[in-house]
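Spelled out from the first residue to the last, the chains are:
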Amino acid sequence: MTREYFDSFLCMVCLKFTNFAAFIERNYSNSFIMPNVIKLRKGLDINLCGKAEEKLIRLKSKGQYALMPDDFEGVTPKVVVKEGDKVKAGDALFINKLYPEVKFASPVSGTVREVVRGERRKVLCVKVDADAQQERVDFGKKDVLKMDGKQVIEALLEAGIFGYINQLPYAVSTNPSVQPKAIFVSALRDKPLAGDFQFEMEGQEADFVTGIMALSKIATTHVGIGVQANFQTEIRQMGIEQYAQLHIFDGPCPAGNVGVQVNNVDPVNKGEVVWTIGDPTVVLFIGRLLNTGHVDLTRRVALCGSEVKSPAYVDMLVGEELSTLLSNSYDNDHHVRIINGNVLTGRPTTKEGYLGAHTSEITVIPEGDNADELLGWILPRFKQFSVNRSYFSWLMGKKKYALDARIKGGERHIIMSGEYDRVLPMDIYGEYLIKAIITGDIDRQEALGIYEVSPEDFALAEFVDSSKLELQRIVREGLNILRKENA
């Protein structure tokens, strides 16, 4: 074949391909999803027993609620109510002392029962007894299309839900004085036993769209979702791509972490700030506020875990008591670990606890302190999970496990084995960063990317860590120190 014939053949192929692409775009643009697809190969999916079924159970609350400042990382609370005060849903219970315009709204109307304080008068929670007939503060409906970014921020501040938005660096509740270069929303929940956001969003699609529209007025907004075809189609039909850049993350946990998505789309450098919403229910909070003029902090929570008799979903308000939900959910003769959140990043709680502000799961698993294993590690352990094939359970395929809360080992020296990097799909050296945080080497922490991480990004690394270190606590302490140094 001569050069002239080859060039003619190549031009014909290119023309055909161009015509075919144009044909697809013209005739099927509304039927096919063509957003940015990001393939992640690092990570680990842990299959656990007790995932919630897509059925909704209804419970009658006893009317006791509590809002906890610890749910809002980086906030120094100043209580603006006192015992006996009457409040409406939407009235502020406490504010951020550093940024007084950032309020935190009461989820219900009622009477302030108690301001609970701990050591050195630290505010642990503000308890409210709900009224039988609920009253809400009317902030007025808003037309988002006619609003600018400043007006959106002012509306969120006035209603007391701005503090639900976080930021990188430091992984703390953000403040309105800093203009972000972008806003990232993760609508992908892929942690073990995580609640299904698509199920939660049913009937609230308009609120989600309004929330994304409002965020897009502030800065360029990115929305991360998974590879599920039906959810992709639903998001596309809602018109999200008109207001935000859509990214599909194809990979194992922790692909749903908003920090992982930021790292793979638009990493944070020193001096830059991005706002993050790793809990997509917050977008619903924003949408409801603007569409109705009222603060509605209702969220759909998955009651899950191997100890739960009938795992299912329940609609609860932020700060609602857990005793009603957990009263008959598991056998009381077992010693269990109740977790306010998921098994990787949640906090231990009790029946007397309250639903966290960012909690989408209440998980109940065995405590494991009464386990008595014959011969211990010598047994082949077909029912135990291992990431390095120490047990023969890897021969069982994708089996579901009923894991308990035991650590199974003591704290050891860090072994530079690369085990963190295998489950950390970010462009950082996890083991070196942890060592720099422990030694207090701030310059090295900055060079190794501490501005890009949050404690939850190291949850899986903590799970597989043979040194048994509390990596999430170490990262949080490192971020707090760095924030004080840079203040």
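Along each chain, the written sequence defines residue order, and numbers are assigned to residues from 1. Under the rules for a predicted model, residues below a pLDDT of 70 receive no local features and side-chain atom pairs below 80 are neither given nor counted, while totals for whole chains, interfaces and linings still include all residues. Note that water and hydrogens are dropped before the side-chain values are worked out from all heavy atoms of the structure.

Visitor: Sorry, what's going on with the overall build of the protein chain here?
Guide: Numbering of helices and strands runs from the N terminus; a helix is a DSSP stretch of H or I covering at least four residues, while a strand is a stretch of E covering at least two. Secondary structure assignment for the protein chain yields 12 helices and 20 strands. Taking 487 residues into account, the globule formula puts the C-alpha radius of gyration at 23 Å, and the protein chain, at 24 Å, falls close to it. Counting only C-alpha atoms, the protein chain reaches 90 × 70 × 50 Å along its principal axes. Within the span of the protein chain, comprising 487 residues, buried residues form 52% of the whole. For the protein chain, the proportion of contacts with a sequence separation of at least 24, taken over those separated by at least 6, is 69%. Accessible surface area values rest on a Shrake-Rupley calculation with a 1.4 Å probe, where residue burial reflects the displayed protein chains alone. For the protein chain, the computed accessible surface area is about 23,800 Å², with 50% contributed by carbon and sulfur atoms. Counting 58 positive and 65 negative side-chain charges, the protein chain places the centres of these two groups 1 Å from one another. Both definitions apply: the radius of gyration is a C-alpha atom measure, and the globule rule equals 2.2 Å times residues to the power 0.38. Exposure categories follow from relative accessible area, calculated using a 1.4 Å probe and restricted to protein chains: below 20% of the type maximum is buried, above 50% is exposed, and the middle band is partly exposed. Contacts between residues were defined by any pair of non-hydrogen atoms, one from each residue, lying within 4.5 Å. In this tally, Asp and Glu contribute negative charge and Lys and Arg positive charge; neither His nor the terminal groups of the chain are included. By convention, the charge on Lys lies at NZ, on Arg at CZ, on Asp at CG and on Glu at CD.

Visitor: Help me understand the packing of aromatic side chains, please; the structure alone is not making it clear to me.
Guide: Remark: the centre distance and the inter-plane angle together describe each pair of aromatic rings, the angle taken between the planes. Any two rings among Phe, Tyr and Trp, with Trp reduced to its six-membered ring, count as a pair given centres within 6.5 Å; such a pair is stacked if its planes are under 30 degrees apart, edge-to-face if over 60, and tilted if neither. A full pass over the atoms with the stated rule returns 12 aromatic pairs. Taking the centre distance of 4.5 Å and the plane angle of 45° together, the rings of phenylalanine 72 and phenylalanine 104 count as tilted. Pair noted here: phenylalanine 72 is in the loop between strand E3 (64-67) and strand E4 (77-79) and phenylalanine 104 is in strand E7 (residues 103-105), with a separation of 32 residues, a long-range link. Where phenylalanine 94 meets phenylalanine 104, the ring centres are 5.0 Å apart and the plane angle is 25°; that geometry is what we call stacked. A residue pair is termed long-range when its members are at least 10 positions apart, and phenylalanine 94 in strand E6 (residues 92-96) and phenylalanine 104 in strand E7 qualify at 10 residues. When sorted by exposure, phenylalanine 94 lands in the same class as phenylalanine 104, which is buried. Among the aromatic residues, those joined into a cluster by ring pairs are Phe72, Phe94, Phe104, Tyr164 and Phe285. Above the face of the phenylalanine 199 ring, arginine 300 is positioned so that its terminal group lies 5.0 Å from the ring centre. Should the NZ of a Lys or the CZ of an Arg lie within 6 Å of a ring centre and within 35 degrees of the ring normal, that charge is described as sitting over the ring.

Visitor: Help me out: how do you make sense of the nonpolar core in this one?
Guide: One recurring pattern in soluble globular proteins is that nonpolar side chains are buried together. If you look at the biggest cluster of nonpolar residues, it comprises 69 residues, and the most contacted ones within it are Ile161, Tyr164, Phe208, Ile240 and Ile286. Once residues lying within four places of it in the same chain are set aside, the contact partners of isoleucine 161 are Lys103, Leu156, Phe285, Ile286, Leu289, Val295 and Leu297. By size, the runner-up hydrophobic cluster in this structure holds 50 residues, among which are Ile38, Phe249, Val260 and Leu482. To form a nonpolar core, buried Ala, Val, Leu, Ile, Met, Phe, Trp, Tyr and Cys residues must be joined to one another through side-chain atoms within 4.5 Å.

Visitor: What is the right way to read unusual backbone geometry from this model?
Guide: Peptide bonds are mostly trans, and most non-glycine residues show a negative phi. With an omega of 10°, the peptide bond between leucine 168 and proline 169 qualifies as cis. Turning to its location among the elements, proline 169 is positioned in the loop between strand E10 (166-168) and strand E11 (172-173). Unusually for a residue other than glycine, tyrosine 170 sits at a positive phi of about 80°. Along the chain, tyrosine 170 falls in the loop between E10 and E11. Although it is not a glycine, leucine 193 sits at a positive phi angle of roughly 65°. In this structure, leucine 193 sits in the loop between strand E12 (182-186) and helix H3 (197-201). In this structure leucine 193 comes out as buried when scored by relative accessible area, which is 7%.

Visitor: So what exactly am I meant to see when it comes to the pairing of strand E17 (residues 312-317) here?
Guide: The two faces of the sheet receive side chains in turn, since in a regular strand these alternate between them. Where burial is concerned, most of E17 is hidden: five out of the six residues are buried. Two strands pair under a simple rule: DSSP has to find at least two bridges between them. Alignment of strand E2 (residues 56-57) against E17, held across two bridges, turns out to be parallel. Each bridged residue has a counterpart across the sheet, and for isoleucine 57 the counterpart in E17 is valine 314. Sheet analysis places strand E16 (residues 298-304) next to E17, joined by six bridges and oriented antiparallel. When the bridges of E17 are listed, leucine 303 appears paired with alanine 312.

Visitor: What's the story with helix H7 (residues 281-292) in this structure? I'm lost.
Guide: Each full turn of the α-helix corresponds to 3.6 residues, which orients residues three or four apart in the same direction. Take the number of residues in a helix, subtract one, and multiply by 1.5 Å to get its expected span. The first and last C-alpha atoms of H7 sit 16 Å apart over 12 residues, in line with the 16 Å expected at 1.5 Å per residue. Among the 12 residues of H7, 10 are classified as buried, and the element is accordingly described as predominantly covered. All of the buried residues in H7 are Thr281, Val282, Val283, Leu284, Phe285, Ile286, Gly287, Arg288, Leu289 and Leu290. Contact partners of the buried residues in H7: helix H2 (149-159), E12, H3, helix H4 (205-218), strand E15 (274-277) and E16. A positive backbone phi angle near 85° is found at glycine 293, which sits one or two residues after H7.

Visitor: What is the right way to look at the packing of H2 against H7 in this model?
Guide: If you want to describe how two helices pack, look at the angle between their axes and the distance between the axes. With their axes 11 Å apart at the nearest point, H2 and H7 run at an angle of 95° to one another. In terms of orientation, H2 lies roughly perpendicular with respect to H7. Where H2 abuts H7, its residues Ala155, Leu156 and Ala159 lie against Ile286, Leu289 and Leu290. As a working rule, the residues Ala, Val, Leu, Ile, Met, Phe, Trp, Tyr, Cys and Pro are called nonpolar, Asp, Glu, Lys and Arg charged, and the rest polar, with Gly in that last group. In terms of residue class, the contact of H2 with H7 is made up of six nonpolar, no polar and no charged. Lines fitted to C-alpha atoms define the axes here, with helix axes fitted over just the stretch in contact, and angles between the N-to-C directions of these axes take values from 0 to 180 degrees. The cut-offs work like this: below 35 degrees is roughly parallel, past 145 is roughly antiparallel, 65 to 115 is roughly perpendicular, and the gaps in between are oblique.

Visitor: How should the environment of alanine 405 be read in this particular structure?
Guide: Note on placement: alanine 405 falls in the loop between strand E20 (361-366) and helix H9 (430-439). Remark: the alpha-carbon pair of alanine 405 and proline 366, spanning 39 residues in sequence, is separated by 6.5 Å. The residues contacting alanine 405, other than those within four sequence positions of it, are Arg337, Ile365, Pro366 and Glu367.

Visitor: Looking at this model, I keep getting lost on a nonpolar patch on the surface. Mind explaining?
Guide: A patch consists of residues exposed above 30% relative accessible area that lack any salt bridge, with like charges linked at up to 9 Å and nonpolar side chains (Val, Leu, Ile, Met, Phe, Trp, Tyr) linked at up to 5 Å. Salt bridges are defined by distance alone: a side-chain nitrogen of Lys or Arg within 4 Å of a carboxyl oxygen of Asp or Glu. Residues Phe382, Phe392 and Met396 make up a contiguous nonpolar surface patch of roughly 280 Å² in combined accessible area. Summarising the element assignment, phenylalanine 392 is placed in the loop between E20 and H9.

All we've got here are geometric facts, nothing functional implied.
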